[in-house]
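Breakdown of the fold
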Amino acid sequence: SPDPQSQFLPRLQKLCGQAFVGQLVSSDAADAEMAGKPLVMHVAQCGSGFVRIPFHVGADRSRTWLISFVAGGLRLKHDHRHEDGAPDAVTMYGGDTAGPGTAIRQEFPVDAESIALFRANQLERSVTNVWAVEVTDRTFAYELRRPPPNTRFFRVEFDLTRPVPTPPPPWA
């Protein structure tokens, strides 16, 4: 049977061009400012082996998730931009899958490049991050976990059964 990663990305690519409303389902105090704001993810761009997904939090359109095939698995990167489109000092961080995952869920432990970026920006607490993305028939979920002592849990889920109008591209 096909490996789970070669099934995962096409599941996500089937959503290309669509946007979905989500909700914060975790309750970490670090996310208090996000609670209650409109959350929208837009599978904006798909190509051979990649997907680009802007994530809007209210009027903040600074975040984009990039998922792509790489040698040995899948990669998740976070593209963070300022309001004018200029890259943030902490951008293009993420990681590669360490195992096959499943056709529905992939996990991305922080990579060495991101650890160096976090340390250079005094974000030592982030050097143990593990991100996950899930795609079922009904839900897209994005998750961040961090073990003790800097415990962190963030999860947002999007209802794939109810597409919404696609938002304008960031920095349009």
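Structural notes, computed from the coordinates. (Residues numbered from 1 in each chain as written. Predicted model: local features only at pLDDT ≥ 70, side-chain atom pairs only at ≥ 80, totals over all residues. Heavy atoms only, no water.)

Concerning the overall build of the protein chain
To be explicit about the condition: Helical segments are the DSSP runs of H or I of at least four residues, strand segments are the runs of E of at least two, and each set is numbered from the N terminus. With the radius of gyration taken over C-alpha atoms, the globule rule is written as 2.2 Å times the number of residues to the power 0.38. Each residue is assigned to one of three classes by its accessible area relative to the maximum for its type, calculated with a 1.4 Å probe on protein chains only: buried under 20%, partly exposed between the two thresholds, exposed over 50%. Shrake-Rupley sampling with a 1.4 Å probe provides the accessible areas, and residues are treated as covered by the protein chains on show and by no other component. Residues counted as positive are Lys and Arg, residues counted as negative are Asp and Glu, and His and the chain ends are not counted. Every charge is mapped to an atom, namely NZ of Lys, CZ of Arg, CG of Asp or CD of Glu.
Check the secondary structure of the protein chain and you find two helices and 11 strands. N-terminal to C-terminal, the α/β element order of the protein chain is α-β-β-β-β-β-β-β-β-α-β-β-β. The globule rule puts the C-alpha radius of gyration for 172 residues at 16 Å, and the 15 Å found for the protein chain is close to it. Once the C-alpha set of the protein chain is aligned to its principal axes, its extents read approximately 40 × 40 × 30 Å. Across the 172 residues that make up the protein chain, the buried fraction comes to 43%. Total accessible area on the protein chain stands at roughly 8,600 Å², and carbon and sulfur atoms take up 54% of it. A distance of 2 Å separates the average location of the 18 positive side-chain charges in the protein chain from that of its 19 negative side-chain charges.

Concerning the environment of Ala 35
Of note, Ala 35 is situated in the loop between strand 1 (19-24) and strand 2 (39-42). In the structure, Ala 35 is positioned 10 residues away from Val 25 in sequence and 9.2 Å away in space, judged by C-alpha atoms.

Side note on unusual backbone geometry
In this structure, the amide linkage connecting Pro 148 to the following residue, Pro 149, adopts the cis form with an omega of 10°. Checked against the element boundaries, Pro 149 lands in the loop between strand 10 (139-146) and strand 11 (152-164). A positive phi is found at Met 92, a non-glycine position, where the angle reads about 60°. Note on placement: Met 92 falls in the loop between strand 6 (73-80) and strand 7 (93-96). What makes Met 92 partly exposed here is its relative accessible area of 32%. Despite not being glycine, Gln 122 has its phi angle at roughly 55°, a positive value. Look at Gln 122 and you get exposed, because its relative accessible area is 66%.

Topic: the pairing of strand 1
Using the following cut-off: In this description, strands pair whenever DSSP reports at least two bridges between them.
Two strands pair when backbone bridges link them, and strand 1 and strand 2 are joined in this way by four bridges, in the antiparallel orientation. The residue bridging Phe 20 from the neighbouring strand is Met 41, located in strand 2. Pairing of strand 1 with strand 11 involves five bridges; the strand directions are antiparallel. Along strand 11, the bridge assignment pairs Gly 22 with Phe 158.

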